Number of protein chains: 2
Amino acid sequence: METFFSFLEKRVDDCSSLLCVGLDPHVSDLGEPTAKAARDFCLHLVKATAPYAAAFKPNAAFFEVFGPEGWTALKQVIEAVGEESARMGSLIPVILDAKRGDIASTAEAYAKSAFEHLGAHAITLNPYLGRDSIEPFIGNPEKGAFLLCKTSNAGSMDLQNLLVLPVGAESSAPLYIYVAHLARQWNANGNIGLVVGATHPQVMSNIRAAAPDLWFLSPGVGAQGGDLESALRSGLRKDGKGMLLNVSRSIARAAEGPGLAAAELRDEIVNVKHKLDY
Amino acid sequence: METFFSFLEKRVDDCSSLLCVGLDPHVSDLGEPTAKAARDFCLHLVKATAPYAAAFKPNAAFFEVFGPEGWTALKQVIEAVGEESARMGSLIPVILDAKRGDIASTAEAYAKSAFEHLGAHAITLNPYLGRDSIEPFIGNPEKGAFLLCKTSNAGSMDLQNLLVLPVGAESSAPLYIYVAHLARQWNANGNIGLVVGATHPQVMSNIRAAAPDLWFLSPGVGAQGGDLESALRSGLRKDGKGMLLNVSRSIARAAEGPGLAAAELRDEIVNVKHKLDY
């Protein structure tokens, strides 16, 4: 069965990279605060970094803030990734970072927006509303969903680190571990991954132990201060895959330009993997 | 200090209503699947129900699904509420049901989208990312935020009902109760409310006990099967306010038309309140 993750693994092999390039057109990075500037910023990033990108991750918020023109720009950016993929003969999956989560009939509309209208291949989702809020996104195995598990921000301690006592369980565990277990339970179509920040390596090791097979989408290396080697040591699966390192600002704002920065990061990941005997 | 909730309470007094009219243009309710049909569906609802509406709640998903044209339609619908408000001389607040939640710099873009670009007065937010994901929405007291606490769907059992053991606490409590406590802690500006489904009256009573002062936004009465009297008995504050009953389908699809359905619901709420000695 082809799934989102089989496409992703093919791409990972094609480009020898675990790098996910974040497309976050912060207003502060744009010459002028317009949808067109946001689009051009991302098109430049896509063109420069495509050879080294295992995936691209546009964040919906930075487009939504420009209203209708922003949504047009977002669609154009996703289309541009498709054009680069066609040019290279290797599909680069697009993960829409939208962190959506709503009751089932509403979630269906979000799924249609992400997968049909925008043409994204996967989406990030918030698990707080439970299984029926996730199902509309995972019916088609070729589309993927990354559930927020342990995020990279300080506020992730507030709920995600709470100790929970599931009915019938013998001991308590942090909520993020419970979410990892739920993700495995819900993964009948093999198209669920987890968002696991790279800012806490020990936490990442624990989530890897709880979900040995799932792909992680991991922000936090680079501008947010996470260390690449500890992240890879804690998060890689036994097959040396299973982890997308998302980098946004450190690539977009690199003095040497985003293409060179992405190439260097790709190579650094390869080197660290060798060092760790993968 | 004027806050979102002082505006809301003024409106509640003006129209003697606790009814929040949900603006959910499901494709199945539209003559054709277009943004224009979604807009016209909502404009009709707004015009017919404005006299009885304490607030309106458009759900972003049903507009987002139409791409850029959908966002234009959403803005026009919010503007139409403003026009009805001006005509009646009584501001009807608009709560954007978007259930957003992202790290702080991204949340800022969502807040700008909801409050500045679209002109909504409040938004629904998912608390899973913690305090710093909420803060960008609550800096201005005149804008409000309803945190998802206990939702009305079946999947709300999966995470929200988990028993949690906060550090230093003597006993465990469901996660939704913990979220209610957090909302009170974070409410320095007096502009945080909670989303509490009306489908489980006992749960609603428990959340009311945990947060005696907060406003609830409560879906689930009507099409979702919640009973009006038990909801009001469980959720009203001592002052007979503190609770917005959101109704979408039962009004939009009413055989007698949405205006009459909204008027009847408003009156039913008034009657039940009398019966309950408010």
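See the structure printed just above.
What you are looking at is a predicted structure, and each value in this text was computed from that prediction instead of being measured.

(A) Highlighting the relation of the copies chain B and chain A. With an RMSD of 0.0 Å, the operation that places chain B on chain A is a rotation of 180° combined with a shift of 0.0 Å along the axis. The symmetry that links the two subunits is that of a two-fold axis. Interface overlap between copies is the fraction of interface residues in one copy that are interface residues in the other; for chain B against chain A it reaches 100%, indicating a shared surface.

(B) Structural view of the sheet that holds strand S4 (residues 122-125) of chain A. All names here are of chain A. What the eight strands build is an open sheet, ordered S2-S1-S10-S9-S8-S5-S4-S3; its pairing is parallel. Edge strands, defined here as strands with exactly one partner in the open sheet, are strand S2 (55-58) and strand S3 (95-100). Adjacent strand axes in the sheet meet at a mean angle of 30° when their direction is disregarded. As defined by bridge partners, strand S5 (residues 144-150) adjoins strand S8 (residues 192-196) across five bridges and the pair is classed as parallel.

(C) Region of interest: the interface of chain B and chain A. The interface is formed by 54 residues belonging to chain B together with 54 residues belonging to chain A. Carbon and sulfur atoms supply 62% of the area buried between chain B and chain A, which totals about 4,700 Å² over both sides. Per-residue buried area on chain B facing chain A is highest for Glu64(B), Tyr128(B) and Leu159(B); these three make up 15% of the total on that side. In this structure, the connection of chain B to chain A is made through four salt bridges. At the junction of chain B with chain A, the criterion picks out 27 residue pairs in polar contact (both at pLDDT 80 or more). Ranked by the residues each element gives to the side of chain B that touches chain A, the list is headed by helix H5 (residues 104-117) of chain B, at seven residues. Taken together, the residues of the side of chain B that touches chain A sort by class into 28 nonpolar, 17 polar and nine charged. Sheet topology note: the strand S6 (residues 163-165) of chain A/strand S6 (residues 163-165) of chain B ladder contains three bridges and is antiparallel. The partner of Leu165(A) across the bridge, within S6(B), is Leu163(B).

Rules of the game
Residues numbered from 1 in each chain as written. Chains lettered and ligands numbered in written order. Predicted model: local features only at pLDDT ≥ 70, side-chain atom pairs only at ≥ 80, totals over all residues. Heavy atoms only, no water. Least-squares fit on C-alpha atoms with pLDDT ≥ 70 in both. Contact = heavy atoms within 4.5 Å. Pairing = 2+ DSSP bridges. Helix = DSSP H or I, 4+ residues; strand = E, 2+ residues; numbered from the N terminus. Axes fitted to C-alpha atoms, helices over the stretch in contact; angles between N-to-C directions. Buried area = accessible area lost by both parts, 1.4 Å probe. Salt bridge = Lys/Arg side-chain N within 4 Å of Asp/Glu carboxyl O. Polar contact = N/O pair within 3.5 Å; in protein donor to acceptor, adjacent residues only side chain to side chain. Nonpolar A, V, L, I, M, F, W, Y, C, P; charged D, E, K, R; others polar.

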